[in-house]
Each structure stands twice: as C-alpha cells, then as structure tokens.
There are 2 protein chains.
Amino acid sequence: MEEVRTILLHRSVYADNDAEADALRSYLKDRGVFLVNLMSSPGAGKTTTLTALINSIKNKVRVGVMEADIDSDVDALSIAKNTGVKSIQLHTGGMCHLDAGMTKSGLDGIDISDLDLIFLENVGNLVCPAEFDTGANLDVMILSIPEGHDKPLKYPLVFQKSDLVIINKIDALPYFNFDYEKCVNYIKMRNKDATIIPISAKTGEGIDKVADYFLNKLKQFKE
Amino acid sequence: MEEVRTILLHRSVYADNDAEADALRSYLKDRGVFLVNLMSSPGAGKTTTLTALINSIKNKVRVGVMEADIDSDVDALSIAKNTGVKSIQLHTGGMCHLDAGMTKSGLDGIDISDLDLIFLENVGNLVCPAEFDTGANLDVMILSIPEGHDKPLKYPLVFQKSDLVIINKIDALPYFNFDYEKCVNYIKMRNKDATIIPISAKTGEGIDKVADYFLNKLKQFKE
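Read on for a plain summary of the structure. In this text, all values refer to a predicted model and were calculated from it rather than measured experimentally.

Calculation notes
Residues numbered from 1 in each chain as written. Chains lettered and ligands numbered in written order. Predicted model: local features only at pLDDT ≥ 70, side-chain atom pairs only at ≥ 80, totals over all residues. Heavy atoms only, no water. 1 Å grid on protein atoms, 1.4 Å probe; cavity = no way out; pocket = protein on both sides within 12 Å on 5 of 7 lines; lining within 4 Å. Points joined across faces, edges and corners; volume = space filled by probe spheres on them. Salt bridge = Lys/Arg side-chain N within 4 Å of Asp/Glu carboxyl O. Helix = DSSP H or I, 4+ residues; strand = E, 2+ residues; numbered from the N terminus. Buried < 20%, exposed > 50% of the residue type's maximum accessible area, 1.4 Å probe, protein only. Contact = heavy atoms within 4.5 Å. Buried area = accessible area lost by both parts, 1.4 Å probe. Nonpolar A, V, L, I, M, F, W, Y, C, P; charged D, E, K, R; others polar. Phe/Tyr/Trp six-rings, centres within 6.5 Å; stacked < 30°, edge-to-face > 60°. Lys NZ or Arg CZ within 6 Å of the ring centre and 35° of its normal.

Moving on, we get to empty space enclosed by the protein. Summed over all chains, the structure comprises three cavities of 30 Å³ or more. In this structure, the largest cavity spans a volume of roughly 70 Å³. Forming the boundary of the largest cavity are 15 residues, of which Ser144, Pro146 and Glu147 of chain A together with Ser144 and Glu147 of chain B lie nearest the centre.

Take the pattern of salt bridges next. Summed over all chains, the structure comprises 20 salt bridges over all chains. A salt bridge links Arg25 of chain A to Asp22 of chain A, with the nearest nitrogen and oxygen atoms 2.8 Å apart. Residue Arg25 of chain A and its partner Asp22 of chain A are both found in helix 1 (residues 17–31); the two are separated by three residues, about one turn of the helix. A salt bridge links Asp133 of chain B to Arg25 of chain B; its shortest N-O distance comes to 2.8 Å. Placement of the pair is Asp133 of chain B in the loop between strand 5 (117–121) and strand 6 (138–144) and Arg25 of chain B in helix 1 (residues 17–31), with a sequence separation of 108 residues. Residue class for Asp133 of chain B comes out partly exposed when judged on its relative accessible area of 21%. Here the residues in one salt-bridge network are Asp75 of chain A together with Asp150, Lys151 and Lys154 of chain B, joined through shared partners.

Attention shifts here to the interface of chain B and chain A. Listed as interface residues are 32 residues of chain B and, on the opposing side, 32 residues of chain A. Between chain B and chain A, the buried area comes to about 2500 Å², and carbon and sulfur atoms account for 58% of it. Of all residues in chain B, Pro42, Lys154 and Tyr175 of chain B give up the largest surface area on contact with chain A, accounting jointly for 23% of the area buried on that side. A salt bridge links Lys154 of chain B to Asp75 of chain A; its shortest N-O distance comes to 2.7 Å. Among the secondary structure elements, those contributing two or more residues to the side of chain B that touches chain A are helix 3 (74–83) and helix 5 (151–154) of chain B. Of the residues that constitute the side of chain B that touches chain A, the class distribution is 15 nonpolar, six polar and 11 charged.

Remark: the centre distance and the inter-plane angle together describe each pair of aromatic rings, the angle taken between the planes. All names here are of chain A. Using the criterion set out here, one finds eight aromatic pairs over all chains in the structure. Put simply, the rings of Phe119, Tyr213 and Phe214 pair up and form one aromatic cluster. Taking NZ or CZ as reference, Arg31 lies 3.7 Å from the ring centre of Tyr27, over its face. One Lys or Arg, Lys104, reaches over the ring of Tyr27 and ends 4.5 Å from the middle of that ring.

Following this line, the structure appears as structure tokens:
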C-alpha cells in the first residue's frame, strides 16, 4: 500500500498575501525551483493530466507534486503510484483555495532541495483559487470539453490570470456540444496572451506539447 | 433579442447567516413559495437540467428561476428563451457563493407573488456554496459523469448537505471511467438519506423522476 505524507494547512497569518507571494517567488528563485499553480473545476482532469505529463518529463527534470484538497488523499496516492515522483497531500481544512502562506507550508513539507519543478494542484474550483496569488511562477488552468465552451464568460478571472489554458478531454468532443473555436475566442477575450493547448490526458494526445511548454519555461527560469 | 433583469448582489450585512436563513424560510412559508438551491461544479449541467425539468412541470406549477453567476447573463437568457418562465440574473460581484441575505435580494427582485416554486441556480462551485445556508427549503446538487465517481470523497460537505443528488450526463457513461455503483456508495457514505436520481438532461432520460420528486416535495410543503 502506497503512503504519502499529509499536511493540514492553516489560514495564513499574513495580512498582505501579494507581498507574501512575491517573497515566496524570491525564495524559489534563490533555490532554482520553479513552481506551477494548476487550477480547474472538479473533475476536469488535473491529476490525470499531471500523471501523463510527469511521466513524459521525469527523466529530464526532478519533479515534485503538492496535491491540495478539502479532504481525501486519493490524488497524492495516485500520483505516487502512477509516476513514482515525490508527492505530498495538503488538506485545506475546508478552505476553497490556497494562498501564499499555505503554499509555503506545503513547500516546507515536501522539501524542495532536490527538486527543479513543482506542481501545486489547487482545490478544484474556478472561483476562489483565481483570487489568491499562491507565489507560483506560472498559473495554469485546465478546462475540459464536457464543461462547455462558455466557461470563460462565466468565470472570467481564472482565464484572465492563467498563462496557459489546457483544454482537456478532446477525445470526448464528438459527444458534447462544444464549439472549440468559440471557446478559444472567449479565452482570448479574457486574456489575449494566454497559450492554449488542446489535449487528451486519457489518450496522451497533446501531452508532448504541454511537456515542451513546461521544459521551455523551466529553461528560461534557470538561465 | 431576449432580455432579463440583472441584479448585482452585495455582501450581506447580517452577522448570523443561519438565523437569516431561518427567517427567509418563514417568509417563504407564509407566502406558500418553495425555494430550491441548486449546486454543482461548473459545467455539470445545471441550466440544461433546469430547462428540461421546467418544461416538464411548467403547466402544473408556477415556476421562477434565479440564475446566480460571477458574471454574464447567458444562463438567465437561456432559461427565458427555452422555457418561457420568469427568470432573473444575479451577479455575485466576484463572490463564490450566495448567502441568505443575497438570496432574499434576489427574491425581492424576481417578485415571488405569482410563483409556487423557485429554483436558485447557485454559483458553479462544489466548495463555498455548501458552506452557506441560502434559506432554501431544499438543497440539490448535480454531479456529472465526466467529473468522476470520486467526487464525494473530495468535496464531502456538498454531498452531506444535499437532499437530492442528480447524476447527470449518464448518456456519456460509455466514454468515461465512471463506476456508478462506487459513486452511489461514496454518496451514501457522506449522506445515507440522500435521494439519488440518474439523468441525461440532453436526452431527457430520468427528467420525469426529477419532476415527480419536486412536485411531491411541493405538495408536502403546501399541505
């Protein structure tokens, strides 16, 4: 039976989350560690995408994963079992998002000294996580086909804030009324600079492009 | 072009939301109006389900809909166009949930004097809406097949709180690794009294059962 460490996070004591987030980025820069904040609705495929992605890059960079959830350890266990990389489960104690202080507690728990790239899987929620800077170097979101192409209209901030929008479950396109072109236009309306990559974490389609994206970002960061 | 009224809600001034929610239920009881709070992840099919449901009951009871969203009017417009019943759009001004005071503002806006049954479509979010009593008579949630059967493990409170769990998009069962029996067991683990109804809002399957459920609840309420 796999086991992962679980940490119960506490609400941050810091009044100024933005300052705390900037301080965390300096801390990571000093240590050469690149942190990615991954957001999505519940069930959009964060863990499945991370699994496929990590298996395609783990021989090139040292990857770690922090899985945040209200409750349960299923995601960290799944990452540990299916990728073998270092992972840790963070429990938010009911909170709907992570802030920079909570993220720092997670980083202290996982021990970043032997890592290059860390993925923070945020709580499945399109609203609250977008409102708090976690201190990550990059904000990434996953939208999945079954959710519908109108989501950028209804949850503007998370699209506005994301450097990369991964559109997952494209293998399910034939079964849903999802207008891909319309969706891309809506995303660009919120954030004209967003990179958009369509994938299927299930079939593996597009995972190579996501891998290249992160390896490039990491390379730029280390330069 | 359809038009619907839009109200921007403000954070409630009431310190005690539970007391405010009880007061709202008394207010509704006095007026013979039954209020249903509908929760789900983004894209689980709240609006599509409501559309199919309302079209099957609107000749029997007087129905109204309050569509809450961070932004956009697409849902209230869609309900107005596809059902013809009275609908109103509520904007939460960035907030991730509704509380009882915000719900009361919505009810004042839609005018409940000619209604029997009102559906409040909460913000698409499995975390925050479950934490605040809206003052509704019934809490209902939709889980959709593409989200996965493990959601009751990861978002316990919303399952614990819901009187009815609708499992939507069952037409998509063949395309996803969703273990229906496991999901039902997980839901019962959180809430042994929950009613569970599988449906496809797209094909109409199961909508008659959901309609009967609400008509019975309304009948009991009016007795």
